[in-house]
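What follows is the residue order along each chain.
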Amino acid sequence: MAVPVLPKKAEKERQAAEAARYEAIHKALCAGLLGSIGFKQPEDDEYLGARGIRFSIFPGSGLKKSRPKWVVAAELVETTKLYARSVAAIQPEWLEKLAGHLVNRDYFEPHWDEGPAQVVASERVTLYGLPVVARRRVHYGAVDPVKAREIMLREGLAGRRFNTRAAFWQHNEKLISEIEELEHKARRQDVLVDEDVLFDFYDAKVPQEVFNGHGFDTWRKEAEKAAPQLLFLNRDDLMRHAGESITEQQFPPELTLDGIDLPLAYRFEPGHALDGVTVQLPLHLLNKVNGAAFDWLVPGLIREKITLLVKSLPKSIRRLCVPVPDFVTRMLLELDRADRKAPLLPQLAHAVGRGIGNPVSVDEFDATDLPAHLRMNIRVVDDAGQELASGRDLVELRAKLGEAAQMTFREVAAQPTAGKAGPAGGGKGKAAPAAAASPAPSARAAAPAIEKDNITGWDFGDLPAKLTFDRGNAKLTGYPALVPHEGACAIRLFDVESLAQAEHRRGVVRLMQLELKEQVKQLPKCFSGFTQTALLLRHVADSDSLMDDLVACICDRAFVGDDALPRSKKDFDNQKQRAKTRLPAVRDAAWRVLQEVAAEQQQLQAVLAKPVRLQSELKQQLGRLVYKGFLAATPWEQLPQLPRYLKAMKLRLEKYNANQARDAQRGDEIAALWARWEAEQDKWRKQGRDPAPLAPFRWMLEELRVGLFAQELRTPYPVSVKRLEKIWAELVRQ
């Protein structure tokens, strides 16, 4: 006979009725069998019963295979082991209600929860040792109101984790934050009182029956009717000492550079990336800012920095600087008249030298071990204030974001402004179009109007050397330049004057090439035997690259040379006439140098291809003189000297065996000077200084090689290690 199939709704109702009947029956059974309940153990098939007994479900039971987590047994029978018979599955939550008078309740981990504004704890419920409720979150105030009140005061109010917008809380938080800022500035943690003092303050005011946020607010609102500032703290309550030395003059909120205010933030947390002083630098100012000013930090920290720098001096100098605290005070008085826009170390070296009566070199200081907080941390941000990068090395930040900073500067300059652009030196006036004729080196032009694309002739009027314009609350200076762009030229606004000058030179050369295209087109046809010469330099560059280098070198010298860069059509036209006149002479001179270099380089390469002494050193020297693009990169006045430098290298090799010890000594002296020159360049770049003044020294070193190893080739001026040491000392003293 077929079993009738019930509708889904009727089936669900039947199942619910059976479940309710099952629950009612087994609750009733549990009430009388509390000693026969069991909790399944995870490691085996046994159940943990009341008071620590262990039993197993009888093999003949229908629940043997399903093994429910909680069971109740009608009887426990011990044969080979203790078995539970007539077993049923139960729910542990039944037991707490059935045996409320028998369960044990434990409370642990009470803590302040600022969400519901009350003290909460975890509750564990056990029956005869069995975990009926392993962990349950409960309001602790109903369990232990005295302890809950203490936790609320200590963690919520004194611990500053109380979620309220009450006037007292806003006042107290503002006051505490101000005092914490003093601690960060002074780099000491003894200004703000500890939490015990705050706890005592609130403990004396809050009634004993208040133990949660709701009760606290109810009491507070009533109490503040009579005393509105009952819970207001004052500075005397919060400060252990007055902190008179922590002034805004010592620890300013902003650093002003070139008329622009940059926000400063202080943090006292050694080891943290933000420990010390952090300056917030907008991206568009990254290339413009004077990095040397960051050496000086803020007045409140400069004493510590100078003290550590003085202590880093060699002992022979340091012993003349005692007692150090008094000596540092004298140095600070000396540096009061120092230029805060120039690097600190050269001025400190001069001051120390005056203080001890002997000259002191910058190299005598060891700044490598200065703690992080004595180096300005620079936080570069975008227009929205979002951090793009941060670090204490400005050169590294510029290498990472310099190109983006230049683009952003142009975007900022192109933004419309309600203010008026003025000349770089200050003053007021109406904005003028970029094409307005003005021979002055600066112009009153609105920055956006200055940029232009697709320039093939000087048809844009005069080009000012600099522009000053207002953006927001800052006065910015930009440097317009003519630049090569997509086969033609364009005018672009730069944020760094030296970069603008270099690009303007390239732009003038490119525009001259466009206007003198017939002459430029004929240049490659003027070099008879170029293919043979290029073969001699095949290890340096391919033929096309070498021709491009030669043409670039000729154009740069003939079209610009040492002349001032034109910034008006009249000057450009005059320059073009001069370029036409001197192009043949420059062409022949450059070609002659290239031929001589190729011949000398080929002979030297043949010698160095074999294992010879000095091979590594001479290959390195050769690679610094002759490389891909060397014609355009080498200063014009040095180009004719290259063949002589290569000859000097060959002569050195020929003379080497005559006195190897002397050669090695002289080689070491030159290597030491070269290393100092390279290190000084890196140092100037890190200080934000242009290392261009150091460039001539590089060629003095080549002349020194000639003077030491190939005297018969002669040098254009007297050279010696001693002379170069003196010149170097004057260079680094700048």
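Residues numbered from 1 in each chain as written. Predicted model: local features only at pLDDT ≥ 70, side-chain atom pairs only at ≥ 80, totals over all residues. Heavy atoms only, no water.

Visitor: What am I meant to see in the overall build of the chain here?
Guide: Within the chain one finds 24 helices and 18 strands. Principal axes of the C-alpha set define a box for the chain whose edges measure 120 × 80 × 65 Å. Going through the 734 residues of the chain one by one, you find that 44% of them count as buried. Summarising the internal contacts of the chain: among those between residues at least 6 apart in sequence, 62% fall at separations of at least 24. Surface exposure of the chain reaches about 38,400 Å², of which carbon and sulfur atoms provide 51%. Across the chain, the 106 positively charged side chains and the 99 negatively charged ones have centroids separated by 4 Å. (Helix = DSSP H or I, 4+ residues; strand = E, 2+ residues; numbered from the N terminus. Buried < 20%, exposed > 50% of the residue type's maximum accessible area, 1.4 Å probe, protein only. Contact = heavy atoms within 4.5 Å. Areas by Shrake-Rupley, 256 points an atom, 1.4 Å probe, with all protein chains shown as cover. Lys, Arg positive; Asp, Glu negative; His and termini not counted. Charge placed at Lys NZ, Arg CZ, Asp CG, Glu CD.)

Visitor: How should I be thinking about the confidence of the model for the chain in this particular structure?
Guide: As a general rule, the predicted coordinates of low-pLDDT regions are not to be interpreted in detail. A residue-level look at the chain finds 92% of positions with pLDDT of 70 or above and a mean pLDDT of 86. A low-confidence stretch, residues 418-447 stays under pLDDT 50, and its non-local contacts, those more than four residues away or across chains, total 53 contacts. (pLDDT = per-residue confidence, 0-100.)

Visitor: Looking at this model, I keep getting lost on the sheet that holds strand β9 (residues 254-257). Mind explaining?
Guide: Within a sheet, adjacent strands bond to each other through the backbone by hydrogen bonds, running parallel or antiparallel. Pairing within the open sheet is mixed, and its 5 strands lie in the order β9-β10-β11-β12-β13. For this open sheet the edge positions go to β9 and β13 (387-391), each flanked by a neighbour on one side alone. Neighbour to neighbour, the strand axes of the sheet diverge by 25° on average, direction disregarded. (Pairing = 2+ DSSP bridges. Axes fitted to C-alpha atoms, helices over the stretch in contact; angles between N-to-C directions.)

Visitor: I tried to follow the layout of surface pockets on my own but got confused; where do I start?
Guide: Gaps left between atoms show up when a probe the size of a water molecule is rolled over them. Considered as a void within the structure, the largest pocket measures approximately 1,200 Å³ in volume. Lining the largest pocket are 41 residues, and of these N287, K288, V496, E497 and S498 sit closest to its centre. Secondary structure elements with two or more residues in the lining of the largest pocket: β10 (260-267), α12 (394-414), β17 (474-485), β18 (488-494), α14 (497-515) and α22 (660-686). No other element matches the 8 residues that α12 contributes to the lining of the largest pocket. Split by residue class, the lining of the largest pocket holds 19 nonpolar, 9 polar and 13 charged. (1 Å grid on protein atoms, 1.4 Å probe; cavity = no way out; pocket = protein on both sides within 12 Å on 5 of 7 lines; lining within 4 Å. Points joined across faces, edges and corners; volume = space filled by probe spheres on them. Nonpolar A, V, L, I, M, F, W, Y, C, P; charged D, E, K, R; others polar.)

Visitor: Even after reading the chapter, I still don't get the packing of aromatic side chains, so can you show me in this structure?
Guide: Throughout the structure, instances matching the rule amount to 20 aromatic pairs. Consider the rings of F58 and Y83, whose centres lie 5.8 Å apart with planes at 85°: the pair is edge-to-face. Of this pair, F58 sits in the loop between β3 (54-57) and β4 (70-78) while Y83 sits in strand β5 (residues 82-89), and the two are 25 residues apart along the sequence. One aromatic cluster is present, built from ring pairs that chain together W112, F162, F168, W169, F201, Y202, F216 and W219. Here the guanidinium or amino end of R154 rests over the ring plane of F199, the centre of that ring lying 4.1 Å away. (Phe/Tyr/Trp six-rings, centres within 6.5 Å; stacked < 30°, edge-to-face > 60°. Lys NZ or Arg CZ within 6 Å of the ring centre and 35° of its normal.)

Visitor: So what exactly am I meant to see when it comes to the sheet that holds strand β2 (residues 47-49) here?
Guide: The strand order around the closed barrel built from 5 strands is β1-β2-β3-β5-β4, with neighbouring strands paired in mixed fashion. Between one strand axis and the next, the sheet turns through 50° on average, direction left out of account.

Visitor: Would you mind going over the pairing of β18 with me for this structure?
Guide: Side chains on a regular strand alternate between the two faces of the sheet. Counting buried positions along β18 gives 7 out of 7 residues, so the element sits mostly inside the fold. Along β18, one buried face is formed by A488, A490, R492 and F494 and the opposite face, lined by C489, I491 and L493, is buried too. Across 2 bridges, the pairing between strand β15 (residues 452-455) and β18 is antiparallel. If you follow K452 over to β18, its bridge partner there is I491. With 7 bridges connecting them, β17 and β18 associate as antiparallel partners. Bridge pairing in β18 places L482 opposite I491. Joining the antiparallel neighbours β17 and β18 is a turn of 2 residues, in which E486 adopts a positive phi near 50°.

Visitor: Looking at this model, I keep getting lost on the packing of helix α8 (residues 299-311) against helix α10 (residues 324-335). Mind explaining?
Guide: What describes two packed helices is the angle between their axes and the distance between those same axes. Where α8 contacts α10, the two axes come as close as 10 Å, and the packing angle between them is 120°. With respect to their mutual orientation, α8 and α10 come out oblique. With respect to the hand of their crossing, α8 and α10 are arranged in right-handed fashion. In this structure, α8 uses I302, R303, I306, T307, V310 and K311 to contact α10, whose residues at the interface are V324, P325, F327, V328, T329, M331, L332 and L335. (Parallel < 35°, antiparallel > 145°, perpendicular 65-115°, else oblique. Left-handed = near helix turned anticlockwise from the far one by under 90°.)

Visitor: Looking at this model, I keep getting lost on the environment of A405. Mind explaining?
Guide: Among the secondary structure elements, A405 is positioned in helix α12. Between the C-alpha atom of A405 and that of N287, which follows or precedes it by 118 residues, the distance is 6.7 Å. Setting aside residues no more than four positions away along its own chain, A405 makes contact with L283, H284, L286, N287 and D495.

Visitor: Would you take a moment to explain the side chain of D549 for this structure?
Guide: Within the secondary structure, D549 is located in helix α17 (residues 543-559). Although D549 lies buried, it forms no salt bridge, and the closest oppositely charged side chain, K628, sits 9.8 Å away as judged by the N-O distance. Side-chain polar atoms of D549 contact the backbone nitrogen of A632, separated by 2.9 Å. With near-sequence residues (within four places) excluded, D549 lies in contact with G629, F630, L631 and A632. (Salt bridge = Lys/Arg side-chain N within 4 Å of Asp/Glu carboxyl O. Polar contact = N/O pair within 3.5 Å; in protein donor to acceptor, adjacent residues only side chain to side chain.)

Visitor: Help me understand the pattern of salt bridges, please; the structure alone is not making it clear to me.
Guide: Oppositely charged side chains may form a pair once their charged atoms are brought near each other. Under the counting rule described, the total for this entry stands at 42 salt bridges. Linking R587 and D588 is a salt bridge whose minimum nitrogen-to-oxygen distance equals 3.1 Å. Note on R587: relative accessible area 21%, which makes it partly exposed. Measuring nitrogen to oxygen at the nearest pair gives 2.8 Å for the salt bridge that ties R698 to E702. Of the two residues, R698 and E702 are both situated in helix α23 (residues 695-709); the distance of 4 residues between them amounts to about one turn of the helix. Given a relative accessible area of 8%, R698 falls into the buried group. Residue classification places E702 among the buried residues on the basis of a relative accessible area of 1%. If you follow the salt bridges from partner to partner, you end up with E96, R105, E123 and R136 in one network.

Visitor: Explain empty space enclosed by the protein to me, please; I cannot follow it from the model alone.
Guide: Throughout the structure, instances matching the rule amount to 4 cavities of 30 Å³ or more. What the largest cavity holds in volume is close to 70 Å³. Forming the boundary of the largest cavity are L618, Q621, Y645, A648, M649, R652, E702, R705, V706 and F709. Elements supplying a minimum of two residues to the lining of the largest cavity: α19 (615-625), α21 (642-655) and α23.

Visitor: Explanation requested: the packing of α19 against α23 in the structure shown.
Guide: Here α19 crosses α23 at 135°, and the two axes come no closer than 13 Å. With respect to each other, α19 and α23 are oriented oblique. The crossing of α19 and α23 is left-handed. The residues of α23 that touch α19, namely those facing E617, Q621, R624 and L625, are R698, W699, E702 and R705. Each residue belonging to the contact of α19 with α23 can be placed in one class, and the counts come to 2 nonpolar, 1 polar and 5 charged.

Visitor: Please explain the side chain of D663 as it appears in this structure.
Guide: If you trace the backbone, D663 turns up in helix α22. Residue contacts for D663: discarding those within four places in its chain leaves L614, R652, Y656 and F709.

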